[in-house]
Amino acid sequence: MQDEKLLEVSLEAVSSRVQELKESIQAFLVKLEHEQMNWPSVLDNYALLSGQVNTLTKLLKNEKTPSLRNLVLLPLLVQQEVDPDIQKSTDGRVQAFNHEVVPDYLRTKYDPEIEDAEQRLETMATSIPTDHAQKQIATLNELATNLIDHITSAREDWEGEQSAASRSSSTVNPDLNTLVAAVTFGKGLKPAKVTKGRGSKSDKGPNVWSNDRSTNKAPSSVKVDTKAAASVHPYATANRPSSRTGL
C-alpha cells in the first residue's frame, strides 16, 4: 500500500510539473505568433522553460520517486467510441483510445530508423580512443572559452562606446558645426592677401638686401691694379734699343 501511495503522489507531482511546462510552452508559442518579441524577452522565456525542465528532471531523479522504468503500462480499455476524459487530458488531440493510438502512445521503444541512428552514434562514440576523446574535449572547451572571452570583450567595448557617445552628446560644443565647416570648407574665414612674385624687390626685406650685398661683392681694387701693372713690363722701354741713337 505504501508503494502505491508513493507512486500516486509521485505521479501527481510529475503531472503538475508537466502541466506547468506545457502551459509555459503554449504561452511562449502564442507570444511568438501574435506579438513582436525582442531578444531579451525571448531569452527570458527560454530561461523559464529551462528552469522548469530542470525541476522536472530533479523530481524524476529524486530518491523518493519510484523508478518509472520498472513499471509496465497496459491499456485497460480499448474502444472506438469517443472518450471525454481522454479528450480533456490530451486537449482534444486524441478522441478515443483505439487500436490505432495504442501502439504510438504506449510504446517503449523508438522507431526503427531512430534506433539505427542512435546505434550508429553509440558505435562511433565507443570506437574513439580515450586519449583522443580527452584531447577533443579539451580542444572544445578551449574554443568555447575563447569564444566567451571574445564575446565578453566585444560587449564591454560596445558598452564603453555607448557610454562615451552618451557623455560626448551631452557635453558637445554648440559651435562644433561652425568649426567643422571652417576647417573643411573655409567657411567664415577672411580671404588671404595677394602677394607678389619672387622676383620683385618688394618681396625682399632688409635682410635680403644685406645678404645680396654680401654675396655680390665688387672685384678688389688691389687685384685690378696688380693686373694692370703686370700687363706692362717695367723694363720694356729700357731694354728696347732706341731708333734715334742708332744702338
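For the structure itself, look to the data block above.
Nothing here was measured: the structure is a model prediction, and the numbers come from that model.

Q: Help me out: how do you make sense of the nonpolar core in this one?
A: As a rule of thumb, nonpolar side chains are buried together in soluble globular proteins. Judged by nonpolar contacts, Ile86, Val94, Phe97, Val101 and Val102 together constitute the single largest core of five residues. Setting aside residues no more than four positions away along its own chain, valine 102 makes contact with Pro75, Val78, Phe97 and Arg107.

Q: Help me out: how do you make sense of a negative patch on the surface in this one?
A: Judged by side-chain charge, Asp3, Glu4, Glu8 and Glu12 come together as a negatively charged surface patch. Along the chain, the position of aspartate 3 falls in helix 1 (residues 2–34).

Q: What is the right way to read helix 2 (residues 39–60) from this model?
A: Because an α-helix completes one turn every 3.6 residues, residues spaced three or four positions apart along the sequence face the same direction. For helix 2, spanning 22 residues, the distance from its first C-alpha to its last is 32 Å, which sits close to the expected 32 Å at 1.5 Å a residue. Residues Val42, Asn45, Leu49, Gln52, Leu56 and Leu59 constitute the buried set of helix 2. Along helix 2, the residues classed as buried sweep out an arc of 120° about the axis, all on the same side. Facing away from the buried side of helix 2 by over 90 degrees, the exposed positions are Trp39, Asp44 and Lys58. Backbone nitrogen of serine 41 and a side-chain oxygen of the N-cap are separated by 3.1 Å at the start of helix 2; the cap is asparagine 38.

Q: Explanation requested: the pattern of salt bridges in the structure shown.
A: Side chains carrying opposite charge are able to pair once their charged atoms draw close together. Evaluation of the coordinates by the stated rule reveals five salt bridges. The residue arginine 17 makes a salt bridge to glutamate 20 at a minimum N-O spacing of 3.7 Å. Separated by three residues within a single helix, arginine 17 and glutamate 20 lie in helix 1, roughly one turn from each other. Under the relative-accessibility criterion, arginine 17 is labelled partly exposed at 36%. Under the relative-accessibility criterion, glutamate 20 is labelled partly exposed at 37%. Between aspartate 111 and arginine 107 there is a salt bridge; the shortest N-O distance is 2.7 Å. With a relative accessible area of 30%, aspartate 111 lands in the partly exposed category. A residue is classified by how much of its surface remains accessible, and arginine 107, at 43% relative accessible area, is partly exposed.

Q: Can you help me understand the side chain of asparagine 98 in this one?
A: Positionally, asparagine 98 belongs in the loop between helix 3 (84–89) and helix 4 (102–105). Asparagine 98 gets classed as buried once you look at its relative accessible area, which sits at 13%. A distance of 3.1 Å separates a polar atom in the side chain of asparagine 98 from the backbone nitrogen of valine 101. Contacts of asparagine 98, omitting those with residues within four sequence positions, involve Val78, Gln79 and Gln80.

The rules behind the values
- Residues numbered from 1 in each chain as written.
- Predicted model: local features only at pLDDT ≥ 70, side-chain atom pairs only at ≥ 80, totals over all residues.
- Heavy atoms only, no water.
- Core = buried A, V, L, I, M, F, W, Y, C linked by side-chain atoms within 4.5 Å.
- Buried < 20%, exposed > 50% of the residue type's maximum accessible area, 1.4 Å probe, protein only.
- Contact = heavy atoms within 4.5 Å.
- Patch = residues over 30% accessible without salt bridge, like charges linked within 9 Å, V, L, I, M, F, W, Y side chains within 5 Å.
- Areas by Shrake-Rupley, 256 points an atom, 1.4 Å probe, with all protein chains shown as cover.
- Salt bridge = Lys/Arg side-chain N within 4 Å of Asp/Glu carboxyl O.
- Lys, Arg positive; Asp, Glu negative; His and termini not counted.
- Charge placed at Lys NZ, Arg CZ, Asp CG, Glu CD.
- Helix = DSSP H or I, 4+ residues; strand = E, 2+ residues; numbered from the N terminus.
- Expected span 1.5 Å × (residues − 1).
- Arc of directions from axis to C-beta.
- Polar contact = N/O pair within 3.5 Å; in protein donor to acceptor, adjacent residues only side chain to side chain.

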